[in-house]
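# What the coordinates show
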Amino acid sequence: MIITNYHSHSHYCDGKGSLEQQVQGAIAQGLRAFGFSSHCPVPFENQWSMKAERLDDYLRETAALKEKYKGQIELYIGLEVDFLPETPPPAPPQLGRGEITAPFSSAGIGPKDFPMLDYCVGSVHYVELNQFGQPWEIDGSSVEFLACLDTLYDGNIQVALEKYYGIIRQMVETDAPPVVGHLDKIKMHNEARPLFDESEEWYVALVEETLQAIKKVGCIVEINTRGNYKRGLELYPSPWIIARMNQLQIPICINSDSHRPEEITASFPLAFEAARAAGYTHQRVLLEGKWQDVELN
Ligand SMILES: [Zn+2]
Ligand SMILES: [Zn+2]
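Residues numbered from 1 in each chain as written. Chains lettered and ligands numbered in written order. Predicted model: local features only at pLDDT ≥ 70, side-chain atom pairs only at ≥ 80, totals over all residues. Heavy atoms only, no water.

### Here's the deal with unusual backbone geometry
Tyr-236 connects to Pro-237 through a cis peptide bond whose omega is -5°. With a phi close to 55°, Asp-257 is a non-glycine residue in the positive phi region. Here Asp-257 falls in the buried class, since its relative accessible area comes to 3%. (Buried < 20%, exposed > 50% of the residue type's maximum accessible area, 1.4 Å probe, protein only.)

Following this line, the structure appears as structure tokens:
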């Protein structure tokens, strides 16, 4: 069986360990190919993205490792690229609610801004500006997520999810990445406060509309195991979505979104099992420089 992982982090962003330690972990765990995908630099401050001034070192170091480990493992240079749609200038901060610490880009960023890579994982981590005029993180702490949800949308998760999936559609329609990252990650906040039921009609319709957009452009959707091994959650996306993806013949790729070497294949048996249960016989992986379908068995 061919095991690969194209979604990984290191000390260049919020992961632990050097790039070389990730490679050694990948070799120890029997991977045929491994992709580096640190969080891309973003035009404002946050706690987890690579700083823009480190990008050159990242590209140099990954290229050197690719050469050094030739014959042992295939290595690919990527980034987990945020898709930030163009936004109007931030509204002035509301008095007493905090201050704007960094201006939000109005130009937007996305996969097309990183043409030097072998591939990228396109992810949506921000939906809009929060109550302090800063980008609103949808995969940070639930306390902050919920505070913003209550302030901006009066707690209406449907409006927030329409916006979130709308941005994913905008990404695939205007700047399609090879791989769409953790499609339904926002569901993780259901743990802190039950916000929505995935079987609700409006939610199923929202997911369907998004899958149709993805199918049209041919992106791969990753099955991301991080929520499972870190928090005991279901996979991203949930098994019913994976089953629908199979009906639509959307290609999948099993990734761990590892943040340390020992996580590189975490929960992979569960993901392989879920893919097979959904009817998949193959996953699409980057081997010998091109995306190709390989058997799951
Ligand atoms: Zn992510
Ligand atoms: Zn990630």
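Having seen the model, we can carry on.
### Things to note about the side chain of Ser-123
Among the secondary structure elements, Ser-123 is positioned in strand S4 (residues 119-123). With residues up to four places along the chain from it excluded, the contact list for Ser-123 reads Glu-80, Val-81, Asp-82, Phe-83, Met-171, Gly-181 and His-182. (Helix = DSSP H or I, 4+ residues; strand = E, 2+ residues; numbered from the N terminus. Contact = heavy atoms within 4.5 Å.)

### So, the confidence of the model for the protein chain
Considering every residue of the protein chain, the mean pLDDT works out to 93; 93% of them sit at 70 or more. Overall, residues 95-103 carries pLDDT values under 50, and its contacts beyond four positions in sequence, including any with other chains, amount to 17 contacts. (pLDDT = per-residue confidence, 0-100.)

### Notes on the coordination of the zinc ion (ligand 2)
Metal coordination angles have textbook ideals: 109.5 degrees for a tetrahedral set of four donors and 90 or 180 degrees for an octahedral set of six. On the protein side, the zinc ion (ligand 2) has His-7 (NE2), His-9 (NE2), Glu-80 (OE) and Asp-257 (OD) as donor atoms, found 2.1 to 2.2 Å from it. Relative to the metal, the 4 donor atoms surrounding the zinc ion (ligand 2) lie at angles of 81 to 168°, and the coordination shape comes out irregular. Counting gaps between the donor residues of the zinc ion (ligand 2) yields the pattern H-x1-H-x70-E-x176-D. (Donors = N, O, S within 2.8 Å, 3.2 Å for Na, K, Ca; no water. Tetrahedral: all angles 85-135°; square planar, octahedral: opposite > 155°, others 65-115°.)

### Here we look at the sheet that holds S4
Whether parallel or antiparallel, the strands of a sheet pair through hydrogen bonds between backbone atoms. With parallel pairing, 7 strands are arranged side by side in an open sheet as S1-S2-S3-S4-S7-S8-S9. A single partner strand is all that each edge strand has here, and the edge strands are strand S1 (4-5) and strand S9 (252-255). The pairing of S4 with strand S7 (residues 179-180) spans 2 bridges and is parallel. Looking at S7, one finds that Gly-122 is bridged to Val-180. (Pairing = 2+ DSSP bridges.)

### Considerations on the environment of Tyr-119
On the secondary structure map, Tyr-119 appears in strand S4. With a relative accessible area of 3%, Tyr-119 lands in the buried category. Setting aside residues up to four positions removed in sequence, Tyr-119 forms contacts with Tyr-6, Gly-35, Phe-36, Ser-37, Tyr-76, Ile-77, Gly-78, Leu-79, Pro-178, Leu-286 and Trp-291. Within the local environment of Tyr-119, its side chain forms a polar contact with the backbone oxygen of Tyr-6, the two atoms lying 2.6 Å apart. (Polar contact = N/O pair within 3.5 Å; in protein donor to acceptor, adjacent residues only side chain to side chain.)

### With respect to the coordination of the zinc ion (ligand 1)
Summarising the metal site, the zinc ion (ligand 1) is bound by the protein donors Glu-80 (OE), His-125 (NE2) and His-182 (NE2), whose distances to it range over 2.1 to 2.2 Å. Each donor residue of the zinc ion (ligand 1) belongs to the same chain, with the gaps between them written as E-x44-H-x56-H. A separation of 3.5 Å is found between the zinc ion (ligand 1) and the zinc ion (ligand 2), which share Glu-80 as a coordinating residue. With Glu-80 in strand S3 (residues 74-82) and His-125 in the loop between S4 and strand S5 (126-129), this pair connects stretches of sequence that are 45 residues apart. Taking the relative accessible area as the measure of exposure, Glu-80 reaches 1% and is therefore buried.

### Details of the packing of helix H3 (residues 142-153) against helix H4 (residues 157-174)
The N-to-C vectors of H3 and H4 enclose an angle of 100°; their axes lie 9 Å apart at closest approach. The orientation of H3 relative to H4 falls into the category roughly perpendicular. When H3 is examined against H4, the residues Phe-145, Leu-149 and Tyr-153 are found in contact with a partner set consisting of Ile-157, Val-159, Ala-160 and Lys-163. Its residues placed into classes, the contact of H3 with H4 shows 6 nonpolar, no polar and 1 charged. (Axes fitted to C-alpha atoms, helices over the stretch in contact; angles between N-to-C directions. Parallel < 35°, antiparallel > 145°, perpendicular 65-115°, else oblique. Nonpolar A, V, L, I, M, F, W, Y, C, P; charged D, E, K, R; others polar.)

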